[in-house]
6 protein chains.
Amino acid sequence: MDDLSVFTGNANPQLAIAICQHLHIPPGDADVFQFSNENIFVKINENVRGHDVFVIQPFSAPVNRSIMELLIMIDALKRASAARITAVIPYYAYGRTDKKDQPRVPITARLIADCITVAGAHRVLTMDMHAGQIQGFFNIPVDELTAQIIQARYFVQKGLGDLTVVSADEGFAKKARKLADRLNAPLAIIAKRRLGNDGQTEATGPMKEIVITDSIPLSEHKRLPNIKVLSVAELFAGAISRIHDGRSVTELFG
Amino acid sequence: MDDLSVFTGNANPQLAIAICQHLHIPPGDADVFQFSNENIFVKINENVRGHDVFVIQPFSAPVNRSIMELLIMIDALKRASAARITAVIPYYAYGRTDKKDQPRVPITARLIADCITVAGAHRVLTMDMHAGQIQGFFNIPVDELTAQIIQARYFVQKGLGDLTVVSADEGFAKKARKLADRLNAPLAIIAKRRLGNDGQTEATGPMKEIVITDSIPLSEHKRLPNIKVLSVAELFAGAISRIHDGRSVTELFG
Amino acid sequence: MDDLSVFTGNANPQLAIAICQHLHIPPGDADVFQFSNENIFVKINENVRGHDVFVIQPFSAPVNRSIMELLIMIDALKRASAARITAVIPYYAYGRTDKKDQPRVPITARLIADCITVAGAHRVLTMDMHAGQIQGFFNIPVDELTAQIIQARYFVQKGLGDLTVVSADEGFAKKARKLADRLNAPLAIIAKRRLGNDGQTEATGPMKEIVITDSIPLSEHKRLPNIKVLSVAELFAGAISRIHDGRSVTELFG
Amino acid sequence: MDDLSVFTGNANPQLAIAICQHLHIPPGDADVFQFSNENIFVKINENVRGHDVFVIQPFSAPVNRSIMELLIMIDALKRASAARITAVIPYYAYGRTDKKDQPRVPITARLIADCITVAGAHRVLTMDMHAGQIQGFFNIPVDELTAQIIQARYFVQKGLGDLTVVSADEGFAKKARKLADRLNAPLAIIAKRRLGNDGQTEATGPMKEIVITDSIPLSEHKRLPNIKVLSVAELFAGAISRIHDGRSVTELFG
Amino acid sequence: MDDLSVFTGNANPQLAIAICQHLHIPPGDADVFQFSNENIFVKINENVRGHDVFVIQPFSAPVNRSIMELLIMIDALKRASAARITAVIPYYAYGRTDKKDQPRVPITARLIADCITVAGAHRVLTMDMHAGQIQGFFNIPVDELTAQIIQARYFVQKGLGDLTVVSADEGFAKKARKLADRLNAPLAIIAKRRLGNDGQTEATGPMKEIVITDSIPLSEHKRLPNIKVLSVAELFAGAISRIHDGRSVTELFG
Amino acid sequence: MDDLSVFTGNANPQLAIAICQHLHIPPGDADVFQFSNENIFVKINENVRGHDVFVIQPFSAPVNRSIMELLIMIDALKRASAARITAVIPYYAYGRTDKKDQPRVPITARLIADCITVAGAHRVLTMDMHAGQIQGFFNIPVDELTAQIIQARYFVQKGLGDLTVVSADEGFAKKARKLADRLNAPLAIIAKRRLGNDGQTEATGPMKEIVITDSIPLSEHKRLPNIKVLSVAELFAGAISRIHDGRSVTELFG
C-alpha cells in the first residue's frame, strides 16, 4: 500500500485538484461520464493494484447522480484490486433523513452508508455531518473533519469585537456551542421549525456576510458579493496524508 | 401476508396505475418527491405492517434519481414493517455494464443488485434484462418476464406474410432466435460494433414501424407516427397476482 | 405466526408481568439464571416453533448482564425456531455512546444494535432513545414509543397553571420542544456541559416532584417521596398487540 | 505480504508445477487426499502466516470433488492465517448454468462464487469464462485471462492463408468476433441449439486439428493425433507474478 | 406456507420415498442428474412458490457430489420462491473435520454449514452428528434427531440379558453414556487412536451383529448376514410433520 | 502494520503487564472504566492507525462485563483505524454452552464468537477451550494455545514417580489422553454427570496440590496453600510475537 492515488468524480473536481496540489500529486486518470441514456460510465485509466485510493466526491447537485457516481467508482476500483478505498465525502447529503421523526419514513443516511459499504469502500473521510450519530451508521472507520477551525480562524482574523453565535435550529445547538467556545463568545438559540415536509422555513432578514466553504461548488447565481468562500482543500489534504501515513488525524485539530 | 399493496415512485406512475386497475386495487398512498436541495423524500401514508408490498419503478429518466427513489422507498417500507417487498423494475438500466469487457471498469448491474438487496427488498420482478446472467447478480428470487409474447402476438395479428427477424447485435442473437422461433421466421444477425465508450453506433436507415412497450414513459419528442406502444400492464398485473397468491408465474407464458 | 408469546429476562420482570396482564396472556415459561461461574443460562420451557415472540428486557442494572441475557435469550429462541423475535427494550442503555465526539472512542449503541441483530432478533420495540438516529443503527424495523404522552397527560391532569418546559441539555432541546408543544407551554434551554469523561455534571437545586416511568426498576434507595412513577405497561402492551396483529402502532399516539 | 506461495489440489498438478517453474519457486507443501470414506483431507505442511497464497485448481474431472477440494484448501489457508488467498481457476465449470433460461433451475455459477467467497478467498484468477457476466457473480476482484492470445499467435505462426472464424453457437458470437479481429479474418456464425437438458448437440464432421489448452488435464482416450495442446502455464505465471507485485495484469495482453 | 413439499437428490431416494409414504404425500417432481461433463443439473418440475420445502439428502457416496447436489437443489428452490427450505441431512459427512487438532487443517464441517446457509437453506434437520457442537456451526435453526431411541428399542426387544455398552473411542464416550443410560447398562471405554492422517485404525475381531440405520444406502458388498438395518424413515417423517405444523420435535423423544 | 500495540481491559491487567514485559513494550494507553450508570466507557489515548493491535481480556469475573468490555474495546480500535485487531482471550467463558444438549437452549459460545466478529476483530488468540469445535464457531483465524506443555513440564520437574492421569469427565477424555501421552503415563476416566442445570457436581475428596494458571485472576479466598499457579504470560508473549512477525505459532509446541 505504498502508492497513494486520488480520483475524483464530477461532483467537485476543482476541490479535488486543489487537494492534489496540496498533496503534490497529480489526480488519477479516469473517465467518469454519462452515456446519452444517462447511464454513468467509469473507467480507471491507470493501474491501481495495491494502491491506497481516495475518491473525492461530495454529494453536490445533481445529488443522486453524485451518489451513484461515487458508488460506481468504488465498484470499479474494488474490481481493479485497489488495496484500500477511502470515500472522501466533504458534504454528506441526506443527513437530515437520519431518523424516523414521522411514521413510515426512511433513514436514507443509513441506506447510503450501507450502499457505500456494499460497493466496497474501506473507510470514509467526511466533514461536519448533520449529526454525529451518522458515523454510527457505518461499520467501517469514519474520519469526520470540521470546518469550524477554518471558520473560527477567519472570524478571529476579522477582529470582530462584540460577537454572539446564534444557532438557528435547536438541532444544531450543540455544534453552535462548540463554535461559541472556540470564539469565546456567548450562544443564542433560535427556535425554528420545519413546517410539514416541503422543506420551507420562514424567511430570514438580509445578511452582511455569509461564510461558507468550497466543499460543494457554488452555483453561478449564488455567487453574491456577501458570500465568503473558505477552502477546505488544505484540511482534506492534511487528513488524506495522515491517513495514508498512519499518523493521527486528530492532531490536525490540536 | 394477506394484504396486497402496490406503491409507485415517479419513474412511471401511468404504468403503475394501469397495473393497479388490472389488479382492481387502488395504488398505495405515499409521498415521493424532492426537496429543493434535491434530497428525495418518501413518506408512506398508510399502514403496511405485514403487507405484501410491490414497488413499481422502472429505471427510466432521470435514471439515477429513479434508482435512488426505489432504494429509499424500499428502506421506508422495510422500516414500516412490510412483510415482503418486491421491487418491480420493468426496465433495468445499467444492464450493459454487466461484465468487465475492458480493464478497470465497474459491473454496475451487480452493484445495483446489491444496493436493492441491502435496502431490504425480498424479491425482484423485472422484464427482458440485457443478459439472463443479471438474474445471478441477485441472491434473492427474481422473476423475469418477457414482452416477446406481447410483441409476437402483435406481429401475428398484423398478418405479415414474409417475415425475417434481424438481430442488430451479436449479443442479442440468442434473444432474436427466441422471437424468430415464436414467429416461425428465419433469423439474420447484423455484426454491429460499439466504437469506444461514447455509446455511438452507426446510423440505421428509416423504419416503417418501431414496436416498443410502455415499460418506461415515452418522452414527448419521441412520440412519432411510426412508434407503436404495446402495454405490459396486464402482464405485470398477472405476475404480481400470481406471486401474491403463490401460483406459478411460468404459466403466464404457457 | 398465530401464537403470541412473551418472555422476560431478569431486567424488569414486574413490567413484563404487567404487560402480560394487559395482553391477557401468561408470561412464557423459561429459566434464565446464572451458574455460580456467572455464565448466564437460558432454557425455554415451552414450544415456540412458529410463534411470534416478544422478549421484554430493558437494559437496567446490572446493565451488561441485562444485555447479555437478552442476546442469549434471542439465540435460544432463534434455535428453537421462533418465527419472529422482537426485542422489547424499554430502556436502551449506552445511548449516549452514539457518536465519536472524541477521538478513538467507540459507538457502543451501534455495537449493541449489531449484536442484537446477529443474535437473531427480527425487530426492536423501544422507547425514548437518547437520539432518534439510534434507530438508524439498526437495519431491522424499530418501533420507538414515547412516554411523553403519558407524562403530558399526567401534567395536564395536575392542572398546573403557569408552566414552562426546561431542557437541561442542548442535546435534548428538540425533545423538550415536542413536550412543550404537547403541553402548549413555552420552552427554555439550560446550557449544561459534561466535563471530561467522569459523567459528573453540576449539582441541581431540590425538586418538588420528579416524574419517571417504570421502564427500569427503581432501586430501593431512590424510592423517595417526591418520585412519581408512571407505568408504561399499557403502552407497551398496546404496541405488542398492534405489532402482532399487523395494525398501525402510530395510531397509539393519534 | 512479502512471501509468495503457490499450492495445488489434485485437479491439475502438472499445470501447477509448470506455473511454479515459470515463477522459479517450488510448489507449496500440502497433503490433499481422500480418506476411504471419501472425505477430502487437507493439511498445509509449511507456515503461510502473512503469505500471499495462490491455489491452482481448475474445475476438472471429477468436477464436484475438484470444487470441494478448492473450498477446503481455502478454508485451511484462511485458518492458517494466510494474508491473501487467490483462487486460481483456469477452468470454471458450471459456467453454462449462469442464468434461469428455464423456470425453477439453479444459477450454479453464482452459487459456487458465493461458496468460494464464504470459504475465505480474497480474489479469483480465471480464464475464458462461459460468459463475462460471471465476473459479476463475485464481489471480490476477478482477473480473467484469455487463451485467445496464445491461440491467435499459434494460428498466425501456422501461416494459414485464407482464414474464416466460425462460431458454432450464437452465445459465443461475441467471443468469436474478438478472435476474428485478432486474426484479421471474417466471422461466420452457425445457429446450433441445445435440445432439452441432456446436453446433446448435433454431431459435427471430422476436424483437421483441434487446438485446446492444458487448463484441464487431457484424459488418455482424448489424446488423438489431431489434438494440439497449447500451454497456459506461462500466461498464469505472468498474471500471478503481476498480481503479487501489484503491477497491471492488463499489460499482459498489450 | 400451507403446502408441504419433499424433494430428494440422488443420495438416498429410497429413504426419501419411505419418508413420503409415512407423510402420505408423493415426492416432489424434479430432475437431478449429471451432464456428461459431470455438471449436476437440477430442474424443479412443479410449482413451489410459497411452499414449505424439505430436501432429503444424506452426504452418502459419492460424498462430494451429494453435497454439491444439495447446494444446487437449495439454490434452485430459493430462486423458485420456496417460502422455507429445510435441508434434511440424515448423515452429515466431514463431521470429524470439526476442529483444528493439527496445525493448518480446515474445519470442513463449518465450511459446509456456511455453504448450506449461503445457498439459501432456512433450517437443517439432521441426525447423530459427530459432535453436538456442529449445531453451533450453523446460525440457522438445527433439529438433530438421534437413532439411539430406535436402537435402544431394538436391543430391548431382543431381550439381551447381560449387556455392556462399549465406546470404541474416547470422543464418543458421552454418546455411549447416553445409550448405556437408555439401556440401563454399564459403560466401557476403549482407548483407540487414529494414527496419522490415513484414516486407518487397528483391526477389530468378528462381530455377531452390527446394527446400523438406513440413513445412507448400504453398498452391495456390505450387505452381510450379520448386518441389521433399522429404518429412520418414520422418525424423519415425524420430525418433518412436526416442523411443518409448528409442533415440538422434542416430544418425539418423550 | 509495523507497529505492535497491546491493550488490556479490566479482566486481568496483571497478566497483560507480564505479557508486555516479555514483549519489551509498554501496555497501550487507554481508559476503560464504568460510568456510575454502569455503562462501560473506552478511550484509546494513543494513535493506533495502521497498528497491529492485541487486546488481552480473559472472560473472568465479572464475566458479562468482561465480555462487553472486550467488544467495546474492539469497536473503539476498529473505528480508530487499527490495521489488525486480535482478541486475546486466555479464558473463553460460556465454553460449556457449545451445543444443544437439551431442547431450546442457546449455543452461547457461538453467539459470543459472532459478537466478537461483528465488533471488528480480525483474529482470536485463546487457550484450552472447552471443546476444539469452538474454533469452528469463528470464521476468522483462531490460534489456540495449551497450558498442558507448562503443566507437563512442571510435573516432570517435580519428578513424580508413579503417575496416573485421571479425567474427571468423559467430555475431557481426549484432552486427558494428550496430557497422559506427554507425561508417558496411563489414563483413567471417571464417569461424572452434571445433574440438572444448577451446575452442581458431586463433591470430590481433599487434593494435595491443584495446579492452575494465571489466565484469570485468582480471587483472594481461593489463594490456598495447595494452589500452585503457573504463568502463561511467556507463552502468550511468544504467540503474539510470532503472529505479529508472521512466524509459525505451532513451533512453540515443537
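Residues numbered from 1 in each chain as written. Chains lettered and ligands numbered in written order. Predicted model: local features only at pLDDT ≥ 70, side-chain atom pairs only at ≥ 80, totals over all residues. Heavy atoms only, no water.

J.: It is not clear to me how the sheet that holds strand β7 (residues 142-145) of chain F should be interpreted in this structure. Could you clarify?
T.: The strands that make up a sheet pair up through hydrogen bonds in the backbone, lying either parallel or antiparallel. Residues and elements named next belong to chain F. The parallel open sheet is built from five strands, whose spatial order is β1-β4-β5-β6-β7. Every interior strand has two partners, whereas the edge strands, β1 (4-8) and β7, have only one. Shown here is a sheet whose adjacent strand axes are inclined to one another by a mean of 20°, direction ignored. Pairing of β1 with strand β4 (residues 52-56), which is carried by five bridges, proceeds in the parallel orientation. Across the sheet, residue L4 finds its bridge partner in β4, namely D52. Contacting β1 and β4, helix α1 (residues 13-23) crosses the sheet at an angle of about 160° to β1. (Pairing = 2+ DSSP bridges. Helix = DSSP H or I, 4+ residues; strand = E, 2+ residues; numbered from the N terminus. Axes fitted to C-alpha atoms, helices over the stretch in contact; angles between N-to-C directions. Contact = heavy atoms within 4.5 Å.)

J.: Can you walk me through the packing of aromatic side chains in this structure?
T.: Each pair of aromatic rings is reported with the distance of its centres and the angle of its planes. In the structure shown here, the tally under the stated rule is 39 aromatic pairs over all chains. On the numbers, 5.4 Å between centres and 50° between planes, the contact of F35 of chain F with F41 of chain F is tilted. Following the ring pairs from residue to residue traces out a cluster consisting of F33, F35 and F41 of chain A. (Phe/Tyr/Trp six-rings, centres within 6.5 Å; stacked < 30°, edge-to-face > 60°.)

J.: I would appreciate a short explanation of the arrangement of the chains in the present structure.
T.: Nothing in chain C touches chain D, and the closest approach of their C-alpha atoms is 17 Å. Nothing in chain B touches chain F; the tightest C-alpha to C-alpha distance between them is still 17 Å.

J.: Just checking my understanding: could you explain the relation of the copies chain B and chain A for this structure?
T.: One copy of the chain maps onto the second through a rotation about an axis and a displacement along it. Each copy superposes on the other: chain B lies on chain A with an RMSD of 0.0 Å after a rotation of 180° and an axial shift of 0.0 Å. The symmetry that links the two subunits is that of a two-fold axis. A shared interface surface links the copies, since 100% of the contact residues of chain B are contact residues in chain A too. (Least-squares fit on C-alpha atoms with pLDDT ≥ 70 in both.)

J.: Looking at this structure, how should I read the interface of chain C and chain F?
T.: The extent of an interface is frequently quoted as the accessible surface area lost upon association of the parts. In this complex, chain C contributes 48 residues to the contact, which on the side of chain F involves 48 residues. Regarding the contact of chain C and chain F, the summed buried area is about 4100 Å², with carbon and sulfur atoms giving 60% of it. Our count for the contact surface shared by chain C and chain F stands at zero salt bridges. Inspection of the region where chain C meets chain F yields 14 residue pairs in polar contact (both at pLDDT 80 or more). Counting residues per element, the side of chain C that touches chain F draws most heavily on helix α2 (residues 63-79) of chain C, at ten residues. Among the residues forming the side of chain C that touches chain F, the class breakdown is 26 nonpolar, ten polar and twelve charged. (Buried area = accessible area lost by both parts, 1.4 Å probe. Salt bridge = Lys/Arg side-chain N within 4 Å of Asp/Glu carboxyl O. Polar contact = N/O pair within 3.5 Å; in protein donor to acceptor, adjacent residues only side chain to side chain. Nonpolar A, V, L, I, M, F, W, Y, C, P; charged D, E, K, R; others polar.)

J.: I'm lost on the sheet that holds strand β1 (residues 4-8) of chain D in this one. Help?
T.: All names here are of chain D. If you trace the five strands from one edge of the open sheet to the other, you get β1-β4-β5-β6-β7, paired in parallel fashion. Two strands lie at the open edges of the sheet, namely β1 and β7 (142-145), each paired on one side alone. Within this sheet the neighbouring strands show an average axis-to-axis angle of 20°, counted without direction.

J.: So what exactly am I meant to see when it comes to the pattern of salt bridges here?
T.: A side chain with one charge may pair with a side chain of the opposite charge, provided their charged atoms come close. Taken as a whole and judged by the stated rule, the model has 78 salt bridges over all chains. A salt bridge links R65 of chain A to E69 of chain A, with the shortest nitrogen-to-oxygen separation between them at 3.3 Å. Note that R65 of chain A and E69 of chain A are positioned in helix α2 (residues 63-79) at a spacing of four residues, about one turn of the helix. Judged by relative accessible area, which is 2%, E69 of chain A ranks as buried. Among the salt bridges present, the one from D52 of chain B reaches R84 of chain B, with a minimum N-O distance of 2.9 Å. Here the residue D52 of chain B occupies a position in strand β4 (residues 52-56), and R84 of chain B occupies one in strand β5 (residues 84-89), the gap between them amounting to 32 residues. Residues D52 of chain B and R84 of chain B agree in their burial class; the two are buried. (Buried < 20%, exposed > 50% of the residue type's maximum accessible area, 1.4 Å probe, protein only.)

J.: It is not clear to me how the packing of α1 of chain F against helix α6 (residues 233-245) of chain F should be interpreted in this structure. Could you clarify?
T.: Each pair of packed helices can be described by the angle between their axes along with the distance between the axes. Residue and element names in this part refer to chain F. Where α1 meets α6, the closest approach of the two axes is 8 Å, and the angle between their N-to-C directions is 55°. The orientation of α1 relative to α6 falls into the category oblique. Helix-helix and strand crossings are classified by hand; for α1 and α6 the assignment is right-handed. Note on element contacts: α6 touches α1 through A233, E234, F236, A237, I240 and S241, opposite L15, A18, I19, H22 and L23. (Parallel < 35°, antiparallel > 145°, perpendicular 65-115°, else oblique. Left-handed = near helix turned anticlockwise from the far one by under 90°.)

Limitation: the analysis is restricted to geometry and does not speak to function.
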